[in-house]
Amino acid sequence: MEGDGLARLPRHVAIIMDGNGRWAKQRELPRHAGHKAGVGSVRSSVEESVRHGVEVLTLFAFSSENWKRPQKEVSLLMDLFMVALQREVKRLKRNNVRLRIIGDRSAFSDKLQQRIAQAETDTDQCNGMLLQIAANYGGRWDITRATRRLAERVAAGGLHPDQIDESAIAAELSFAGLPDPDLFIRTGGEQRISNFILWQCAYTELYFTDTYWPDFDADAYSEALDFYAGRQRRFGMTGEQVEETGSTGRPG
Ligand code: FPP
């Protein structure tokens, strides 16, 4: 029942998993211990999303800018991705979750690229939730790549500039064919988007929490979903229109 225009359950949740380093520092542990502990929260947020009936969960694991971190941390993170990809596939399949990695994977080692491709193949028959891991991803990278592809199509004569509209651009982005994220969560206390979902966040509800990512458990996730359930989505309409028509105003 959406007669009051309240949002209820997000179809697509996107999360910036921040605060691993500070979680570790609090415990006088190396930063890497925070990333390792963060894998547990990845697992729980996937399972909770499945349990609640979320259709798409997108996690920002490594940004295009994270290469600037100390080389040792980057290399330990890559090792962690390798291990997690191998270990988690069984659990994903059990939960009927399809895995997809978005971002420029060409910068990863051949071995990691193969592991990514294998994990995607292993889960490609799953038709429950879609888990997208954004790795070496940046919103600007995505928009730039889409623009280049459109320019190439124009140059090749297959597309007229007049045909470039919002849907033509959206169709070239990594998120093509998916509903835009309804709920964006950032843990760790910072209140910014950090070059994550730029095109897609036009009407996304933004939720920030001070909780560090390794502490973001099922209860913390439920709080975020409760926040979302109380939002009235209007997509440019007035609150009265939404209430009168009983629509959330979502286009399409
Ligand atoms: C940001 O915290 C976190 C990251 C850059 C890495 C996220 C990676 C994981 C949670 C590991 C597992 C992921 C998958 C998908 C298997 P930060 O290091 O910036 O924390 P800080 O702001 O407290 O320093």
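Residues numbered from 1 in each chain as written. Predicted model: local features only at pLDDT ≥ 70, side-chain atom pairs only at ≥ 80, totals over all residues. Heavy atoms only, no water.

Peer 1: Please clarify how the environment of Tyr228 should be interpreted in this entry.
Peer 2: Relative to the elements of secondary structure, Tyr228 occurs in helix α7 (residues 218–229). Residue Tyr228 is classed as buried on the basis of its relative accessible area of 2%. (Helix = DSSP H or I, 4+ residues; strand = E, 2+ residues; numbered from the N terminus. Buried < 20%, exposed > 50% of the residue type's maximum accessible area, 1.4 Å probe, protein only.)

Peer 1: What is the right way to read the pattern of salt bridges from this model?
Peer 2: A pair can form between side chains of opposite charge whenever their charged atoms are brought close. In this structure the tally under the stated criterion is 15 salt bridges. Note that Glu73 is salt-bridged to Arg31, the shortest N-O span being 2.8 Å. Of this pair, Glu73 sits in helix α3 (residues 71–94) while Arg31 is found in helix α2 (residues 31–52), placing the two residues 42 residues apart along the sequence. On the basis of relative accessibility, which here comes to 39%, the residue Arg31 falls in the partly exposed class. One salt bridge connects Glu73 with Arg69, and the closest N-O pair in it is separated by 2.8 Å. (Salt bridge = Lys/Arg side-chain N within 4 Å of Asp/Glu carboxyl O.)

Peer 1: What is the right way to read the pairing of strand β4 (residues 130–137) from this model?
Peer 2: Every regular strand shows the same layout, with side chains that alternate between the two sheet faces. By the criterion of burial, β4 is predominantly enclosed, with eight of the eight residues buried. Direction of pairing for strand β2 (residues 56–63) relative to β4: parallel, over a ladder of seven bridges. Pairing of Ser63 across the sheet is with Tyr137, part of β4. Strand direction decides the pairing type here: strand β3 (residues 98–102) and β4, joined by five bridges, are parallel. (Pairing = 2+ DSSP bridges.)

Peer 1: Mind showing me how you'd approach the environment of Pro181 here?
Peer 2: Looking at the secondary structure, you find Pro181 in the loop between α6 (166–170) and β5 (183–186). Under the relative-accessibility criterion, Pro181 is labelled buried at 1%. The spatial distance from the C-alpha of Pro181 to the C-alpha of Ala168 is 19 Å, given a sequence separation of 13 residues.

Peer 1: Would you mind showing me how to read the sheet that holds β4 here?
Peer 2: Sheets are built from strands that pair by backbone hydrogen bonding, the pairs being arranged parallel or antiparallel. The six strands lie next to each other as β3-β4-β2-β1-β5-β6, forming an open sheet whose pairing is parallel. The sheet is open, and its two borders are formed by β3 and β6 (205–208), each paired with just one other strand. Here the strands of the sheet are splayed against their neighbours by 20° on average, with no regard to which way each runs. Here strand β1 (residues 12–16) pairs with β5 via four bridges, running parallel. (Axes fitted to C-alpha atoms, helices over the stretch in contact; angles between N-to-C directions.)

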